[in-house]
Amino acid sequence: MHWYEKLNQYFPIEEMKSKEHMETLLDEQSEIYHKDEGPHHVLMYVELDHFVFIDYLFVSKDARGMGLGKKLLAKMKDKGKPIILEVEPVNYDDTDTEKRLRFYKREGFKHAQSIGYRRRSLATKEINAMEILYWAPNNESEDTIFEAMKTTYELVHTYKDKQFYGESYQKVDEVLTFDEGESGKNVLDRL
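Residues numbered from 1 in each chain as written. Predicted model: local features only at pLDDT ≥ 70, side-chain atom pairs only at ≥ 80, totals over all residues. Heavy atoms only, no water.

## Some details on the overall build of the chain
- A count of helical and extended segments in the chain gives 7 helices and 8 strands.
- Projected onto its principal axes, the C-alpha positions of the chain cover 40 × 40 × 40 Å.
- Of all 191 residues assigned to the chain, the portion counted as buried reaches 51%.
- Of the contacts made within the chain by residues no fewer than 6 positions apart, 64% connect residues no fewer than 24 positions apart.
- Accessible surface, the chain: about 9,800 Å² in total, of which carbon and sulfur atoms supply 45%. (Helix = DSSP H or I, 4+ residues; strand = E, 2+ residues; numbered from the N terminus. Buried < 20%, exposed > 50% of the residue type's maximum accessible area, 1.4 Å probe, protein only. Contact = heavy atoms within 4.5 Å. Areas by Shrake-Rupley, 256 points an atom, 1.4 Å probe, with all protein chains shown as cover.)

## Thoughts on empty space enclosed by the protein
- Taken as a whole and assessed by the stated rule, the structure comprises 1 cavity of 30 Å³ or more.
- Here the largest cavity is characterised by a volume of approximately 40 Å³.
- Along its surface, the largest cavity is lined by Glu 15, Met 16, Lys 17, His 21, Tyr 56, Arg 119, His 157, Tyr 165 and Tyr 169.
- Residue classes in the lining of the largest cavity are distributed as 4 nonpolar, 2 polar and 3 charged. (1 Å grid on protein atoms, 1.4 Å probe; cavity = no way out; pocket = protein on both sides within 12 Å on 5 of 7 lines; lining within 4 Å. Points joined across faces, edges and corners; volume = space filled by probe spheres on them. Nonpolar A, V, L, I, M, F, W, Y, C, P; charged D, E, K, R; others polar.)

## Here we look at unusual backbone geometry
- At Asn 139, a position not held by glycine, the phi torsion is positive, near 55 degrees.
- Checked against the element boundaries, Asn 139 lands in the loop between β7 (127–135) and α5 (142–157).
- For Asn 139, a relative accessible area of 61% corresponds to the exposed category.
- Despite not being glycine, Lys 160 shows a phi value in the positive range, around 50 degrees.
- One can find Lys 160 in the loop between α5 and α6 (161–165).
- Look at Lys 160 and you get partly exposed, because its relative accessible area is 33%.

## A few points about the layout of surface pockets
- Approximately 740 Å³ is the volume attributed to the largest pocket.
- Surrounding the largest pocket, 36 residues form its lining, Tyr 10, Leu 57, Arg 100, Phe 103 and Tyr 104 being those nearest its centre.
- No other element matches strand β3 (residues 52–59), which puts 7 residues into the lining of the largest pocket.
- The class makeup of the residues in the lining of the largest pocket is 17 nonpolar, 5 polar and 14 charged.

## Brief notes about helix α1 (residues 3–10)
- All of the buried residues in α1 are Trp 3, Tyr 4, Lys 6 and Leu 7. Each buried residue of α1 sits inside an arc of 160 degrees when the element is viewed along its axis, so together they form one side.
- Contact partners of the buried residues in α1: α2 (19–28), β1 (33–38), β2 (41–47) and β3. (Arc of directions from axis to C-beta.)

## What to know about the packing of aromatic side chains
- Overall, the coordinates contain 9 aromatic pairs when judged by the stated rule.
- Aromatic side chains Trp 3 and Tyr 4 sit 6.0 Å apart centroid to centroid with 80 degrees between the ring planes, which places their arrangement in the edge-to-face category. Neither residue differs from the other here; Trp 3 and Tyr 4 are each classed as buried.
- Taken together, a centroid distance of 5.1 Å and an interplanar angle of 90 degrees make the contact between Tyr 10 and Phe 11 edge-to-face. (Phe/Tyr/Trp six-rings, centres within 6.5 Å; stacked < 30°, edge-to-face > 60°.)

## Regarding helix α3 (residues 68–77)
- Buried residues of α3: Gly 69, Leu 72, Leu 73, Met 76 and Lys 77, and no others. Angular distribution of buried residues about the axis of α3 spans 145 degrees; they occupy a single face of the element.

In structure tokens form, the structure reads like this:
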């Protein structure tokens, strides 16, 4: 099965980039946008000087529990930079969301409680809220993570969006918010 079909079957439509978008990123942004693919995994990620953003991490069901996700994250951690990713909020009707969060918690990821992420899906037209998780090898602040998320949104998520989707995504300041006083619920503490 093609790597895009694997991702498309696993991730909700509102989280998926189009195949054309992702292939264009791999082609035109190859200095920052990367694919690591094997028989049982697909890892799409952005690497810049100061951080790594995991766009998609897929491990096939028959390989789960064998340490493959841990190995893939270890390769990213070896870069010595903060690692950032977006995850769905816990949906107690979907046990995969809770398992995913538990996995990232075990791997030392923190929940960026001061960063809000709400984007209107061009596929469904609904607002999609995501949680931001990060691994900070040098105790990087949530301010640093926020700036990295803004960079990712502008360089990757909205790259040629009008060309691929017929319309543009919202501006970064409408999607990402930072509230230093936010003492919201830490989604990882509840696991």
